[in-house]
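What the coordinates show
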Amino acid sequence: MSSDKTDDEFFDLGLQVRKEVLGAAYVDNALSQSNDIDREFQKWITSTAWGAIWGRTQLSRRDRSLITITQLASLGNLEELALHLRATKNTGLSKEDIKEALMQVGVYSGVPAANAAFRIAKKVFDEMED
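Residues numbered from 1 in each chain as written. Predicted model: local features only at pLDDT ≥ 70, side-chain atom pairs only at ≥ 80, totals over all residues. Heavy atoms only, no water.

**A few points about the overall build of the protein chain**
Basically, it comes down to this: Only DSSP runs of H or I reaching four residues or more are called helices, and only runs of E reaching two or more are called strands; each is numbered from the N terminus. Only C-alpha atoms enter the radius of gyration, while the globule expectation follows 2.2 Å times N to the 0.38, with N the number of residues. Each residue gets one of three labels from its accessible area relative to the maximum for its type: buried under 20%, exposed over 50%, partly exposed in between, using a 1.4 Å probe on protein chains only. Contacts were defined at the residue level, with two residues in contact if any of their heavy atoms lie within 4.5 Å. Reported accessibility uses the Shrake-Rupley method at a 1.4 Å probe radius. Residues are deemed covered only where the shown protein chains occlude them.
Broken down by element type, the protein chain carries 8 helices and 0 strands. The globule rule puts the C-alpha radius of gyration for 130 residues at 14 Å, and the 15 Å found for the protein chain is close to it. Over its C-alpha atoms, taken along the principal directions, the protein chain stretches across nearly 40 × 30 × 25 Å. When burial is assessed residue by residue, the protein chain has 38% of its 130 residues classed as buried. Considering only residue pairs separated by 6 or more positions, the protein chain has 66% of its internal contacts joining residues 24 or more positions apart. When the accessible surface of the protein chain is summed, it comes to about 8000 Å², and 52% of that surface belongs to carbon and sulfur atoms.

Pasting the structure below:
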């Protein structure tokens, strides 16, 4: 990571951003459930994905969320997609935004990818309304 921040500063920033986006309970659980196998990975994704990337200010969290959702849907990473759909309550994306993004996925990444993503989105938004 090239920057004027230290690894610890990236981790601290990443932890803050990750909690703000995904929710403190989710992040605290993910970190507390880590062990010798994935502890370094959890630290790395917190520092890199959440500190060095999500912590950048050139794009808004809303924009980063939208990009992330379309990438996860396009790649078929449905468990992570569900997580980021739940996070829309913290990133400012509406159901309408998600619908439009998934329509875009259908055109550029294929109907099966969009179909699976719509299925997950319906389930997640139904659960969030309960």
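**Re the side chain of arginine 64**
Quick note on the threshold: Counted as positive: Lys and Arg. Counted as negative: Asp and Glu. His and the chain ends are not counted at all. Salt bridge criterion: a side-chain nitrogen from Lys or Arg within 4 Å of a carboxyl oxygen from Asp or Glu.
Its location among the elements puts arginine 64 in helix 4 (residues 61–75). In this structure arginine 64 is buried but unpaired, with aspartate 63 as the nearest side chain of opposite charge at 8.2 Å. Ignoring sequence-local partners within four residues, the contact set of arginine 64 consists of Ile53, Trp54, Arg56, Gln58 and Leu59.

**Remarks on the nonpolar core**
The line we're drawing: The nonpolar core is taken to be a set of buried Ala, Val, Leu, Ile, Met, Phe, Trp, Tyr and Cys residues, with the residues joined through side-chain atoms within 4.5 Å.
Core analysis: the largest hydrophobic core is formed by 17 residues, its most contacted members being Leu81, Leu85, Ile98 and Leu102. Elements represented by at least two residues in this core include exactly helix 4, helix 5 (78–86), helix 7 (95–109) and helix 8 (111–129). Counting residues per element, this core draws most heavily on helix 8, at 7 residues. Setting aside its immediate chain neighbours within four residues, leucine 102 contacts Ala73, Ala114, Ala117, Phe118 and Ala121. Counting 10 residues, the second-largest nonpolar core is a separate cluster that includes Val21, Leu22, Val27 and Trp54.

**Some details on the packing of aromatic side chains**
Heads up, the rule is: A pair of Phe, Tyr and Trp rings is counted when the ring centres sit within 6.5 Å of each other, with Trp represented by its six-membered ring. The angle between the planes then sorts it: under 30 degrees is stacked, over 60 is edge-to-face, the rest tilted.
By the definition in use, this model includes 2 aromatic pairs. Note on phenylalanine 41 and tryptophan 44: the rings are 6.0 Å apart at their centroids and 35° apart in plane angle, and the pair reads as tilted. Here phenylalanine 41 pairs with tryptophan 44, and both are found in helix 3 (residues 39–53), just 3 residues apart, close to one helical turn. The class for phenylalanine 41 is partly exposed, based on a relative accessible area of 44%. Exposure remark for tryptophan 44: the relative accessible area of 51% places this residue in the exposed category.

**As for the pattern of salt bridges**
Inspection of every chain in the model, using the stated rule, returns 6 salt bridges. The salt bridge partner of glutamate 20 is arginine 61, with a shortest N-O separation of 2.6 Å. Here glutamate 20, found in helix 1 (residues 7–22), pairs with arginine 61, found in helix 4; they are 41 residues apart in sequence, far enough to count as distant. The salt bridge involving lysine 99 is made with glutamate 96; its shortest N-O contact spans 3.3 Å. Here glutamate 96 and lysine 99 lie together in helix 7, a separation of 3 residues that amounts to about one turn. Classification of glutamate 96 by relative accessible area gives partly exposed; the value is 45%.

**Remarks on the side chain of histidine 84**
Tracing the chain through its elements places histidine 84 in helix 5. Aside from chain neighbours lying at most four places away, what touches histidine 84 is Leu22, Trp50, Trp54, Thr68, Ile69 and Leu72.

**Some words on the environment of tyrosine 26**
With respect to the secondary-structure elements, tyrosine 26 resides in helix 2 (residues 24–32). The class for tyrosine 26 is partly exposed, based on a relative accessible area of 36%. It is 25 Å that separates the C-alpha atoms of tyrosine 26 and glutamate 96, two residues lying 70 residues apart in sequence.

These values are about where atoms sit, not about what they do.
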